Amino acid sequence: MRKLSLRVGVVVSLLVGLVVAASVSAQAGTPPPRPNAPDDVNRVASRLYCPVCENEPLDVCQTPACVQWKAQIAQYLAEGKSDEAIVQLFVQRYGQRVLSESSAQVAPIVWIGPILVVLAGGFYAFRIIRRMSQRGAAAPARPVAPAPTGDEYVDQVERELKQQL
């Protein structure tokens, strides 16, 4: 009986030791929440625009709405959310207008449209110039100037018209 109680005590002690070791290692694996530095909040806030001011980055704006948003960012950071996750939360709530970066979010027509307009304009100008040059080559020879009429005024008008054409 004594041997049995000794064996049960050893097994129970081992089990308790394993449970304690597992809980200690689990606590050591998760870092303690770190306090948010203003730089951390501004790092995320610089990627967002103020909801009130037009084209004002959130990290430099001091309106009450921006102060409230920065506090919300600090809370999300304290909860351990990543910068991307925080930005996506604000985009889901307020739309694309809060983003300060616009590279991939802009519709392709904004980038392709002006290029297409320039190409179409160049093609149109090329066709007009080509058509004008073909007309110039196929144009009939100028008629011989009429003989002077004797009226000095009419002759002068004829000479000026010939110079202009």
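This text gives an overview of the structure that appears in the document. All of these numbers come straight from a predicted model, not from anything done at the bench.

**Overview of the environment of Phe-90**
Part 1 of the reasoning: Examined against the element boundaries, Phe-90 turns out to sit in helix α4 (residues 83-94).
Part 2 of the reasoning: Separated by 42 residues in sequence, Phe-90 and Leu-48 place their C-alpha atoms 8.4 Å apart.

**Let's talk about the pattern of salt bridges**
Part 1 of the reasoning: Within the structure shown, the criterion is met by three salt bridges.
Part 2 of the reasoning: Where Asp-83 meets Arg-43, a salt bridge forms, and the shortest distance between an N and an O atom there is 2.6 Å. Of this pair, Asp-83 sits in helix α4 while Arg-43 sits in helix α2 (residues 38-45), and the two are 40 residues apart along the sequence.
Part 3 of the reasoning: As a salt-bridge pair, Lys-81 and Glu-79 come within 3.5 Å of each other at their nearest N and O atoms.
Part 4 of the reasoning: Of the residues examined, Lys-81 reaches a relative accessible area of 33% and is grouped as partly exposed.
Part 5 of the reasoning: On the basis of relative accessible area, Glu-79 is assigned to the partly exposed category, the value being 47%.

**Here's the deal with the nonpolar core**
Part 1 of the reasoning: In terms of nonpolar packing, the biggest core is built from 18 residues, with Leu-48, Leu-58, Ile-73, Ile-86 and Phe-90 touching the most fellow members.
Part 2 of the reasoning: Residue assignment for this core shows that the elements contributing at least two residues are α2, α3 (64-78) and α4.
Part 3 of the reasoning: Among the elements that make up this core, the one with the highest residue count is α3 (five residues).
Part 4 of the reasoning: Residues within four places of Phe-90 in sequence aside, it is in contact with Leu-48, Trp-69, Gln-72, Ile-73, Tyr-76, Gly-95 and Val-98.

**Brief notes about α3**
A turn of α-helix holds 3.6 residues, and therefore any two residues three or four places apart point the same way.
Part 1 of the reasoning: Look at α3: 21 Å from first C-alpha to last across 15 residues, which is about the 21 Å you get at 1.5 Å a residue.
Part 2 of the reasoning: Those residues of α3 that sit buried are Cys-66, Trp-69, Lys-70, Ile-73, Tyr-76 and Leu-77. Mapping the buried residues of α3 onto a view down its axis gives an arc of 120 degrees, with all of them on the same face. Opposite the packed face of α3, turned more than 90 degrees from it, sit the exposed residues Pro-64 and Gln-68.
Part 3 of the reasoning: At the exit of α3 stands Gly-80, carrying a positive phi of roughly 95 degrees.

**Comments concerning the packing of aromatic side chains**
Part 1 of the reasoning: In the structure shown here, the tally under the stated rule is four aromatic pairs.
Part 2 of the reasoning: Aromatic side chains Trp-69 and Tyr-94 sit 4.6 Å apart centroid to centroid with 35 degrees between the ring planes, which places their arrangement in the tilted category. One end of the pair, Trp-69, is in helix α3; the other, Tyr-94, is in helix α4, and 25 residues separate them in sequence.
Part 3 of the reasoning: By relative accessible area, Trp-69 is classed as buried at 6%.
Part 4 of the reasoning: Accessibility expressed as a relative area gives 31% for Tyr-94, which makes it partly exposed.
Part 5 of the reasoning: Each ring, one from Phe-90 and one from Tyr-94, has its centre 6.2 Å from the other, and the planes form 25 degrees; the classification is stacked.

**Quick look at the side chain of Lys-70**
Part 1 of the reasoning: Relative to the elements of secondary structure, Lys-70 occurs in helix α3.
Part 2 of the reasoning: The buried charged residue Lys-70 lacks any salt bridge partner; its closest oppositely charged side chain belongs to Asp-59, at an N-O distance of 7.0 Å.
Part 3 of the reasoning: In this view, Lys-70 contacts Val-41, Leu-58, Asp-59, Cys-61 and Gln-62; residues no more than four positions away in its chain are not counted.

**Some remarks on the packing of α3 against α4**
Part 1 of the reasoning: Running from N to C, α3 and α4 point in directions that differ by 135 degrees, and their axes come no closer than 10 Å. Taken together, α3 and α4 sit at an angle that is classed as oblique. The way α3 lies across α4 gives a crossing that is right-handed. Contacts from Trp-69, Gln-72, Ile-73, Tyr-76 and Leu-77 in α3 reach Asp-83, Ile-86, Leu-89, Phe-90, Arg-93 and Tyr-94 in α4.
Part 2 of the reasoning: In terms of residue class, the contact of α3 with α4 is made up of eight nonpolar, one polar and two charged.

How each quantity is defined
- Numbering of residues begins from 1 in every chain and follows the order in which that chain's sequence is written.
- It should be noted that, the model being predicted, local features are given only for residues of pLDDT at least 70 and side-chain atom pairs only at 80 or more, the latter also being counted only at that level, while totals for whole chains, interfaces and linings use all residues.
- Excluding hydrogens and water, the side-chain figures rest on all heavy atoms present in the structure.
- In DSSP terms, a helix is any run of H or I states spanning at least four residues, a strand is any run of E spanning at least two, and both are numbered starting from the N terminus.
- Here a salt bridge means any side-chain nitrogen of Lys or Arg lying within 4 Å of a carboxyl oxygen belonging to Asp or Glu.
- Exposure is judged per residue with a 1.4 Å probe applied to protein chains only, and the accessible area is read against the type maximum: over 50% gives exposed, under 20% gives buried, and values in between give partly exposed.
- Here, the term nonpolar core denotes a set of buried Ala, Val, Leu, Ile, Met, Phe, Trp, Tyr and Cys residues that are joined through side-chain atoms within 4.5 Å.
- We call two residues contacting when some pair of their heavy atoms lies within 4.5 Å.
- Multiplying 1.5 Å by the helix residue count minus one yields the expected span of that helix.
- In this description, the arc belongs to the directions extending from the helix axis to the C-beta atoms.
- Two rings from Phe, Tyr or Trp (for Trp, the six-membered ring) form a pair when their centres are within 6.5 Å of each other. A pair whose planes differ by under 30 degrees is stacked, one over 60 is edge-to-face, and the rest are tilted.
- Only four residue types enter the tally: Lys and Arg on the positive side, Asp and Glu on the negative side; His and the chain ends are excluded.
- For every element, the axis is a line fit to its C-alpha atoms; helices are fit only across the contacting stretch, and the angle between N-to-C directions ranges from 0 to 180 degrees.
- Note on angle classes: values under 35 degrees are labelled roughly parallel, values over 145 roughly antiparallel, values of 65 to 115 roughly perpendicular, and the remainder oblique.
- The crossing is said to be left-handed when, going from far helix to near helix, the turn is anticlockwise and less than a right angle, and right-handed when the turn is clockwise.
- Following the grouping adopted for this structure description, the nonpolar residues are Ala, Val, Leu, Ile, Met, Phe, Trp, Tyr, Cys and Pro, the charged ones are Asp, Glu, Lys and Arg, and the polar ones are all others, Gly among them.

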